[in-house]
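A closer look at the structure
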Amino acid sequence: MIKKKDKQIPISLINMSNIYLQQQNFMQFLNGYADGYCLVDASDITGTDCYCDDLALKQLTKMLADISVYGIHYIDGGNYHYLSKIFTDKLNQTFDLVVFDHHHDMQPPLFGQILSCGGWIKEVRDNNTFLNQVIIIGVQDELITEDIRTQYTQVQFITENEIIALFGNISNDINKDSVLSDEKNLLFNEKVVQYIFDKICIQYPVYISIDKDVLSKEQYKTNWDQGILSTECLKRLLSLMAEHFRVLGMDICGEMDAAMQEQYGYEWNEVNGQFNIDLLTSLVLSE
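How each quantity is defined
- Residues numbered from 1 in each chain as written.
- Predicted model: local features only at pLDDT ≥ 70, side-chain atom pairs only at ≥ 80, totals over all residues.
- Heavy atoms only, no water.
- Helix = DSSP H or I, 4+ residues; strand = E, 2+ residues; numbered from the N terminus.
- Buried < 20%, exposed > 50% of the residue type's maximum accessible area, 1.4 Å probe, protein only.
- Contact = heavy atoms within 4.5 Å.
- Areas by Shrake-Rupley, 256 points an atom, 1.4 Å probe, with all protein chains shown as cover.
- Pairing = 2+ DSSP bridges.
- Phe/Tyr/Trp six-rings, centres within 6.5 Å; stacked < 30°, edge-to-face > 60°.
- Lys NZ or Arg CZ within 6 Å of the ring centre and 35° of its normal.

Re the overall build of the protein chain
Scanning the protein chain for helices and strands turns up 10 helices and 10 strands. Counting all 287 residues of the protein chain, 57% fall into the buried class. Taking as baseline every contact in the protein chain between residues at least 6 positions apart, the subset at least 24 positions apart corresponds to 75%. Surface summary for the protein chain: the accessible area is close to 12,700 Å², and the carbon and sulfur share equals 50%.

Here's what the structure looks like:
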């Protein structure tokens, strides 16, 4: 569903922490968006930070009941990535799940069956009968153990070191965080984009979930440890997917939390807000 230029993309903004409301450039853009957007204010719901308790899950599911899965959903910080499960639960056709994330988000719950930002993919994989496969792009290698690979045969991993290996022998004085973000590495960016796009094997319509911690910390700031992708790589990959596959819907998380904004300053939150605009304007709709 993401392609035709004569239509705009339905947008929903799920306010969990009020961080979006402080991104003046992004909010101004949304307020001027011709078809408008849907704002869901869930900031007063307790039991939602990283872990979503049963009561909060019921409240959030009810609040999002009338929000169609088809469109783009901004779902706040990475601590709320579990909202992706609520949206994918709305799908009633076979789909492939493509996730951009520096973490695999398949951790079993520490207690009970509580839904968490670190385990939502496992919940979708274990319980969603419409899911065909999961592809996780940019994940940290140290998290992908042999046990993980053996247990999750329906999951394809494109890891951080796999991407770095495309550059050959990188000298120790080069910071991996900057290897894709420097302007002189535009050709390398395209090499990475082509490698990832060629490697993914999409079989069904796609739902895309993005945690911006997959991006280099030199270009973006979030409250989790971060990967190496450049903003240009991510935008280019999304454009290619929208062009070649039927994209059913998409969600985006990875905003700063209050502590990170205090540490890095308000200006970084505006940078992050501008990237939210850039992601949206790089996509167009299709049937």
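Some points on the pairing of strand E5 (residues 95–100)
Burial of E5 is extensive: six of the six residues sit out of reach of the surface. Neither face of E5 is exposed, since Phe95, Leu97 and Val99 on one face and Asp96, Val98 and Phe100 on the opposite face are all buried. Pairing geometry for E5 and strand E7 (residues 131–139), over six bridges, is parallel. Residue pairing across strands places Asp96 opposite Gln133, the latter belonging to E7. Pairing analysis gives five bridges linking E5 to strand E9 (residues 206–211), with the strands arranged parallel. What sits directly across from Val99, in E9, is Ser209.

Description of the packing of aromatic side chains
The geometry of an aromatic ring pair is captured by two quantities: the separation of the ring centres and the angle between the planes. The tally for this structure, following the rule as stated, stands at seven aromatic pairs. Between Tyr20 and Tyr74, the ring centres sit 6.3 Å apart and the planes meet at 85 degrees, which makes this aromatic pair edge-to-face. A residue pair is termed long-range when its members are at least 10 positions apart, and Tyr20 in the loop between strand E1 (11–15) and helix H1 (24–31) and Tyr74 in strand E4 (residues 72–74) qualify at 54 residues. Grouping residues by exposure puts Tyr20 and Tyr74 together as buried. A centroid spacing of 6.4 Å and a plane angle of 70 degrees characterise the contact between Tyr80 and Tyr82, whose relative ring orientation is edge-to-face. Three or more aromatic residues joined by ring pairs form one cluster here, namely Tyr20, Phe26 and Tyr74. The ring of Trp268 carries Lys221 above its face, with NZ or CZ at 5.0 Å from the centroid.

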